[in-house]
Amino acid sequence: MSRFDEFLVANETFAAEFTVGDLPMPPARKVAVVACMDARLHPEKALGIAIGDAHVIRNAGGRVQDAIRSLVISQRLLGTNEIVVLHHTDCGMLTFSNDDLAAKVQADLGVDVSGQDFYPFPDLEQSVRDDIAYLRESPLIAQDIPISGAIYDVTTGKVHEVVRA
Ligand SMILES: [Zn+2]
C-alpha cells in the first residue's frame, strides 16, 4: 500500500464526518500565514486555525520570497489583510548552503543550479526579521497591514513572537 492509498483510507473517515461544505472562498479571519513545510509543524493546529479561517502558504523555510505569488492572490483577490510569517526551531534550512545543495543536485541529477538561491539561512531569528523586512519593502504588499513574524518551537509546541511590523 502506498502512502496515497493510506491517505485515501483516512479521507473516508474525514469525509464521513465533514460538516463545513458551505464555507465561502475568502478566509473568514482575513489572514495569510507563511510557514515552513516541516512535518513537525502543523500551523493550523499550533495557531488555532479552523477550516475556512486562513490561507496557510507553506514552503521550505517558510520564506516569503517563495510565497509572493500566493500572497498577491491572497491579498488582492481573496481579501486577506494581515500576514504572519512562521519559521521554527531545528529548521532544515539552517543545515545547508546554496553551494552545498547545488553540489548535491549536480551529483544526484546532473543539473547545474549554481547561482540559484534556495533561501537557506544561518540564523533563525534573523531569517524571520529578513522576511518581514522583505514584505515591508515589497511593492506587491500593501504597507498599511499588520505583518508579524514568529518562531515555533518543535520541542514544546510554543510560538514566540520575533517581530511585529
Ligand atoms: Zn523548516
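For the structure given in this document, a descriptive report is provided here. (Residues numbered from 1 in each chain as written. Predicted model: local features only at pLDDT ≥ 70, side-chain atom pairs only at ≥ 80, totals over all residues. Heavy atoms only, no water.)

Comments concerning unusual backbone geometry
So, step 1. Non-glycine residue K30 carries a positive phi angle of around 55 degrees.
So, step 2. Structurally, K30 is set in the loop between α1 (3-16) and β1 (31-36).
So, step 3. A positive phi angle, near 60 degrees, is found at Y119, a position not held by glycine.
So, step 4. By secondary structure assignment, the location of Y119 is in the loop between α4 (98-109) and α5 (124-137). (Helix = DSSP H or I, 4+ residues; strand = E, 2+ residues; numbered from the N terminus.)

Quick word on the sheet that holds strand β4 (residues 147-152)
So, step 1. Pairing within the open sheet is mixed, and its 5 strands lie in the order β2-β1-β3-β4-β5. Each of the sheet's edge strands pairs with one partner strand only, and the pair in question is β2 (54-59) and β5 (159-164). Here the strands of the sheet are splayed against their neighbours by 25 degrees on average, with no regard to which way each runs.
So, step 2. With 6 bridges connecting them, β1 and β2 associate as parallel partners. Paired with V33 across the strands is V56, a residue of β2.
So, step 3. The strands touched by helix α3 (residues 64-77) within the sheet are β1, β2 and β3 (83-88), with β2 carrying the most contacts at an inclination of about 160 degrees. (Pairing = 2+ DSSP bridges. Axes fitted to C-alpha atoms, helices over the stretch in contact; angles between N-to-C directions. Contact = heavy atoms within 4.5 Å.)

Things to note about the pairing of β1
So, step 1. Buried residues dominate β1, accounting for 6 of its 6 residues.
So, step 2. Taking every second residue as pointing to the same face, both faces of β1 are buried, with V31, V33 and A35 on one and A32, V34 and C36 on the other.
So, step 3. Across 4 bridges, the pairing between β1 and β3 is parallel. Each bridged residue has a counterpart across the sheet, and for V34 the counterpart in β3 is V85. (Buried < 20%, exposed > 50% of the residue type's maximum accessible area, 1.4 Å probe, protein only.)

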